[in-house]
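Close look at the chain arrangement
Here is what each chain is made of, one letter per residue.
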Amino acid sequence: MPRFAFINKKYIDFKQAKIHVEDRGLQFADSVYEVIVILNNNFIDLKFHLQRLRYSLNQLDIKFKFNDNLLKKIFINLINKNKTTNGIIYLQVTRGIQYREHKYNKNLSPTLIIYTRNKKFNLPGKNFAGVNTITYEDLRWKRRDIKTVNLLPNVIAANKAKKMKAYEAILIQNGKVTEGTSSNIWIIKKNNLMTHPANTDILKGVTRTSLLNIIKKTSLNLIEKSFTHKQLLNADEVFLTSSGSFITPIIKIDNKKINNGKIGNITLKLAEMYSKSCING
Ligand SMILES: Cc1ncc(COP(=O)(O)O)c(C=O)c1O
C-alpha cells in the first residue's frame, strides 16, 4: 500500500485520504482519470496523458486548470515519498462537491486525487507472456473517447474474464470489435495491422498513439478500421495495448488459439521496439 496520496492541495497519509459523501465523482461518476506508468523512475508518455486529461475535462466542462510542470512536481514528490520505481500514478479529477442534484453549479471546486502504486510489467524478455482473453458484449455509452470513471460495463466484462481465468475481455458491438475493457485491440493478417479508428466508440489510448509512431518506422501496412469478431478469430496475431500492459500478446480468444497459442514474431518485434522507446525516452 502506498504511504501518501495527494488530495486537493495536500500530501496525506494514504489511509487517512477521504472524499466527501456528496462528491459528484462518487454519486454520478462525474469525474475523469488517467493512469500513467513509471518505468525505472521515468514517466512513460506523460505528455500524451496530460493532453488527454485536458481533452476529457473540456468535453465534460469540468473546470480544472492545471500546469503540466506543477503537476509533474507533485508526481515526482509522490514517487519519492512512496518509493515507486516501477508502477503507476493514478490521477482522478471530479467535478467537486454539491448537494445531490443532476444539474451542477458552475463554480464548483474540482476534487483532485493522486497517488502511486507499485506494479510489475509484462515486458519483452525471459518472462514475456501471452494472455488468454474472452469476448463480451460492449454495453457502454456513446462517448468512450472521454476517460471517465463511468466504468461499470467494463467492470462487468472484466469480471466475466476473471471468472473464465482470462486476462482481458474484448468488447464486441454489432459483430465488430471496439476495444478491451482497459486496452486497445490490434490484429495482424499478413503484412496488415488493423485497429479500431480513434472515434467516440473507443478510448484513444496513449500506448496506441505511441505505437502508431513506431509503426511508421516499419514496413507494416497500418489500417485504422473496425474489424469483425470473425476477423479477430482468424487473425495471424492479436495483441492489446495499454499503459499498464504495454504491448501484450493475445494467444487465446474464447476457445480459439491464436498463432497456435504462441507469441507472434511481429507482436514480439513491436513490443521490443515500444519497450526500447520507453526505456530510452
Ligand atoms: C477502455 C480503454 N481503452 C483503451 C485503454 C488504453 O489506453 P492507454 O494506452 O492510454 O492506457 C484503456 C486504458 O485504461 C481503457 O480503459
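Everything quoted here is computed from the prediction, not taken from an experiment. (Residues numbered from 1 in each chain as written. Predicted model: local features only at pLDDT ≥ 70, side-chain atom pairs only at ≥ 80, totals over all residues. Heavy atoms only, no water.)

**Overview of the sheet that holds strand β4 (residues 42-43)**
Adjacent strands of a sheet pair through backbone hydrogen bonds, lying either parallel or antiparallel. Reading across from one edge, β2-β1-β6-β5-β3-β4 is the order of the six strands in this open sheet, with antiparallel pairing throughout. Where the open sheet ends on each side, the last strands, each with one partner, are β2 (10-13) and β4. Across four bridges, the pairing between strand β1 (residues 4-7) and β2 is antiparallel. Across the sheet, residue phenylalanine 4 finds its bridge partner in β2, namely aspartate 13. Taken strand by strand, helix α2 (residues 46-60) contacts β3 (31-39), β4 and β5 (87-94), and its axis lies near 175 degrees from that of β3. (Pairing = 2+ DSSP bridges. Helix = DSSP H or I, 4+ residues; strand = E, 2+ residues; numbered from the N terminus. Contact = heavy atoms within 4.5 Å. Axes fitted to C-alpha atoms, helices over the stretch in contact; angles between N-to-C directions.)

**Observations concerning the pairing of strand β6 (residues 111-118)**
Across the eight residues that make up β6, a large majority, six, are buried. In the sheet, β1 pairs with β6 via three bridges, with the strands oriented antiparallel. Residue pairing in the sheet places isoleucine 7 in a bridge with isoleucine 113 of β6. Taken together, the eight bridges between β5 and β6 define a ladder with antiparallel strand orientation. Each residue of the ladder has a partner; that of glycine 87, found in β6, is asparagine 118. (Buried < 20%, exposed > 50% of the residue type's maximum accessible area, 1.4 Å probe, protein only.)

**Re helix α7 (residues 265-280)**
Owing to its 3.6 residues per turn, the α-helix brings residues three or four apart onto one side. Here α7 spans 22 Å end to end across 16 residues, near enough to the 22 Å set by a 1.5 Å rise per residue. Inspection of α7 places Thr267, Leu270, Ala271, Tyr274, Ser275 and Cys278 among the buried residues, and these make up the whole buried set. For α7, the angular spread of buried residues about the axis comes to 125 degrees, placing them on one side. Of the residues in α7, the exposed ones pointing more than 90 degrees away from the buried face are Asn265, Lys276 and Asn280. (Expected span 1.5 Å × (residues − 1). Arc of directions from axis to C-beta.)

**Here's the deal with the packing of aromatic side chains**
Taken as a whole, this structure holds nine aromatic pairs when the rule is applied. On the numbers, 4.8 Å between centres and 70 degrees between planes, the contact of phenylalanine 6 with tyrosine 11 is edge-to-face. Classification of phenylalanine 6 by relative accessible area gives buried; the value is 6%. A residue is classified by how much of its surface remains accessible, and tyrosine 11, at 29% relative accessible area, is partly exposed. Measuring from ring centre to ring centre gives 5.9 Å for phenylalanine 246 and tyrosine 274, while their planes differ by 55 degrees; the resulting arrangement is tilted. (Phe/Tyr/Trp six-rings, centres within 6.5 Å; stacked < 30°, edge-to-face > 60°.)

**Examining the side chain of arginine 52**
Tracing the backbone through its elements, the reader meets arginine 52 in helix α2. A relative accessible area of 9% places arginine 52 in the buried class. If we skip the residues at most four places from it in the chain, arginine 52 touches Glu34, Lys147, Leu203, Lys204, Gly205 and Val206.

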